[in-house]
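# Summary of the model geometry
The chain contents come next:
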Amino acid sequence: MTDERIQRVTMPKWGLSMKTGKVIEWFVAEGDTITKGDDLADIETEKIAGTLESPQEGLLRRLVAEPGAELPVGATLAVVAPADVADADIDAVVEEAKAQLASGELDEGDGIEPATTEVGGRSISHVTLGSAEGDPVVLVHGFGGDKNSWLFVQQPLSETHTVHALDLPGHGQSGKDVGDGSLDTLAGVVLGLLDAVGAQRAHLVGHSLGGAVAAAVAAQTPDRVASLTLLAPAGFGSEADAEYLRGFAGAASRRELKPLLGRLFADESQVTRQLVDDLLKYKRLDGVAEALRILLDTLLDGDRQAIDLPALLDKVSVPVTVVWGEADRILPLPDGVELQRVKAGHMLHMEAANDVLRHVQAAVT
């Protein structure tokens, strides 16, 4: 019988499509005492690299996965146990983990299928994780994004909350009809989703355009929103990288798209080939070009931001948390706004996911 004090650190599942991850570098060594939340290793997925934080605390007895190893979701990466657990017992757990890997038992990972809901005559794709009681959390992506941009946030957040991530109209697997593309229209979709999942009230977390949409929901229906967490939201100040926004909407090739995507991150090496390929595939879908063109008119007035976020927030009485990447080149850090800074570019929830997650958790608790 395995000693119950032995704990396994396993390959996480970040996002619906993740089946494997590659250990790039360990930040800890055998014999180290680790605490919950410590950075353990950099893990590379097909989309982007992320930092694995320790889900446990205790003595790190074995590092099972070598740097460079690509392993399926759920594979044992390391073993944590008190010092008085016999080495033979640790070795037995390691051998069991290797046998499980060799058997192919973990190769497919856990499948999570998105749901499709009709909202206002539009087909809206969304995925739900977790089944906790209380107000759920709804994640609203930005311009050109989709529900998968929350890959590092949704799963850990679902351990304490029910978490819904949706594709806004014109994005991801949702229908491409955006109507007039206004904040009111997009906010109506979020409200329709709340109705569809039976949520009277929710914590809203929005990124960029999604942040402005979340604020519009709170301004229109304050009784439906428990809190707002806005990640680099559109509408603070007038400055924006209009060249990026128009370039992204019009890009039709890898040569055009890849350098633009680099502007989203402080570390441009985060732009993987798979990320570019996925976005190109999306942009070539029928209706996407027109949807993005319409949404540009919501975001921009000439080369300046068209959204007035402070005016929306003046109508909001719920707690508001604003988080921004210090190296954001798309929507620069605004002046005179109380906010939390993280070391990242515009895609802060991907590039500094663990820091962002802590701010979100604090806001929704």
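Residues numbered from 1 in each chain as written. Predicted model: local features only at pLDDT ≥ 70, side-chain atom pairs only at ≥ 80, totals over all residues. Heavy atoms only, no water.

### Points about the pairing of strand 12 (residues 163–166)
Formally: Buried means the residue's accessible area, taken with a 1.4 Å probe over protein chains only, is under 20% of the maximum for its type, while exposed means over 50%, and partly exposed covers the values in between. Secondary structure is summarised from DSSP: a helix means a run of H or I of at least four residues, a strand means a run of E of at least two, and numbering begins at the N terminus for each. Any two strands between which DSSP finds at least two bridges are classified as paired.
The two faces of strand 12 match: Val163 and Ala165 on one face and His164 and Leu166 on the other face are all buried. Pairing geometry for strand 10 (residues 122–129) and strand 12, over four bridges, is antiparallel. Across the sheet, the residue bridging to Leu129 is Val163, located in strand 12. Here strand 11 (residues 137–140) pairs with strand 12 via four bridges, running parallel. When the bridges of strand 12 are listed, Val140 appears paired with Leu166.

### A short note on the pairing of strand 11
The side chains of a regular strand alternate between the sheet's two faces. Of the two faces of strand 11, the one lined by Val137 and Leu139 and the one lined by Val138 and Val140 are each fully buried. Here strand 11 pairs with strand 13 (residues 202–207) via four bridges, running parallel. By the bridge assignment, Val140 is partnered in strand 13 with Gly206.

### Notes on the sheet that holds strand 1 (residues 7–10)
Strand pairing within a sheet occurs via backbone hydrogen bonds; the two strands may be parallel or antiparallel. Spelled out, the test is: Contact criterion: two residues are considered in contact whenever any of their non-hydrogen atoms come within 4.5 Å of each other. Angular values range over 0 to 180 degrees, each being the angle between N-to-C directions of two axes fitted as lines to C-alpha atoms, with helices fitted over their stretch in contact.
Strand order across the open sheet formed by four strands is 1-8-6-3, with antiparallel pairing between neighbours. If you trace the sheet from one side to the other, it starts and ends with strand 1 and strand 3 (33–34), each paired once. Pairing of strand 6 (residues 58–63) with strand 8 (residues 76–80) involves three bridges; the strand directions are antiparallel. Among the inter-strand pairings, Leu60 is bridged to a residue of strand 8, identified as Val80. Contacts from helix 1 (residues 87–103) reach strand 1, strand 6 and strand 8 within the one sheet, and its direction differs from that of strand 6 by about 55°.

### Describing the pattern of salt bridges
What counts, and what does not: Salt bridges are identified by distance alone: a Lys or Arg side-chain nitrogen within 4 Å of an Asp or Glu carboxyl oxygen.
Summed over the entire model, instances satisfying the criterion amount to 17 salt bridges. For the salt bridge of Asp277 with Arg273, the shortest nitrogen-to-oxygen distance reads 4.0 Å. In this pair, Asp277 and Arg273 are both assigned in helix 7 (residues 273–283), four residues apart and thus about one turn of the helix distant. For Asp277, a relative accessible area of 31% puts it in the partly exposed group. Overlapping salt bridges bring together Glu53, Asp355 and Arg358 as one network.

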